[in-house]
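The residues making up each chain are set out below.
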Amino acid sequence: EDEVVRLRPVVIGVGWRVLPGDRLTVAGPVDPERRHYVVATHSGVTLAPLLGRLVRSELVGGNTEETLAPFRPDRFAGSEWTPAPGRLIRTVGEQ
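Since the structure is predicted, the reported quantities are computational estimates derived from the model, not experimental observations.

Engineer: Please set out the overall build of the protein chain residue by residue, giving values where relevant.
Structural biologist: The number of helices and strands found in the protein chain is one helix and two strands. Listing the helices and strands of the protein chain from first to last along the sequence gives β-β-α. Taking all 95 residues of the protein chain together, the buried fraction comes to 21%. Put simply, 48% of the contacts in the protein chain that link residues at least 6 apart link residues at least 24 apart. As displayed, the protein chain offers around 7,800 Å² of accessible surface, 57% of which is attributable to carbon and sulfur atoms.

Engineer: Break down the pattern of salt bridges for me, citing the residues and quoting the values.
Structural biologist: Under the counting rule described, the total for this entry stands at four salt bridges. Here Glu58 ties to Arg72 by a salt bridge, and the two come within 2.5 Å at their closest N and O atoms. Separated by 14 residues along the polypeptide, Glu58 in helix 1 (residues 44-59) and Arg72 in the segment after helix 1 bring together distant segments of the chain. When salt bridges that share partners are traced, they join Asp31, Glu33 and Arg35 into one network.

Engineer: Explain unusual backbone geometry residue by residue, including any values.
Structural biologist: Its identity as a non-glycine residue notwithstanding, Arg23 has a phi of 70°, on the positive side. Take Arg23: it is sitting in the segment before strand 1 (26-29). Using a relative accessible area of 47% as the deciding quantity, one classes Arg23 as partly exposed.

Engineer: Hey, could you go over the side chain of Ser57 for me, with residue numbers and the actual values?
Structural biologist: Inspection of the secondary structure assignment puts Ser57 in helix 1. Within the structure, Ser57 has its side chain in polar contact with the side chain of Glu65 (distance 2.5 Å).

Calculation rules
Residues numbered from 1 in each chain as written. Predicted model: local features only at pLDDT ≥ 70, side-chain atom pairs only at ≥ 80, totals over all residues. Heavy atoms only, no water. Helix = DSSP H or I, 4+ residues; strand = E, 2+ residues; numbered from the N terminus. Buried < 20%, exposed > 50% of the residue type's maximum accessible area, 1.4 Å probe, protein only. Contact = heavy atoms within 4.5 Å. Areas by Shrake-Rupley, 256 points an atom, 1.4 Å probe, with all protein chains shown as cover. Salt bridge = Lys/Arg side-chain N within 4 Å of Asp/Glu carboxyl O. Polar contact = N/O pair within 3.5 Å; in protein donor to acceptor, adjacent residues only side chain to side chain.

See the structure below:
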């Protein structure tokens, strides 16, 4: 007869995943000369193929992808950032 072994967890960890303050992807140049480009998203696993194609088109092809227009980093310019409702900010840089 098979023996049943009961295990107890030794360590339980919780990881914090960062995401932009408005919970939307950020993708685009951060300077007018387009020398610096940022991509930040909470949905990297599901959006990676699409973001990869669109960002490549912009960086390598020199195109401006209209699909990324709502996700440009300049949407944060001149605004006060506030945390999403119900969330505590625990460390510097946590979004």
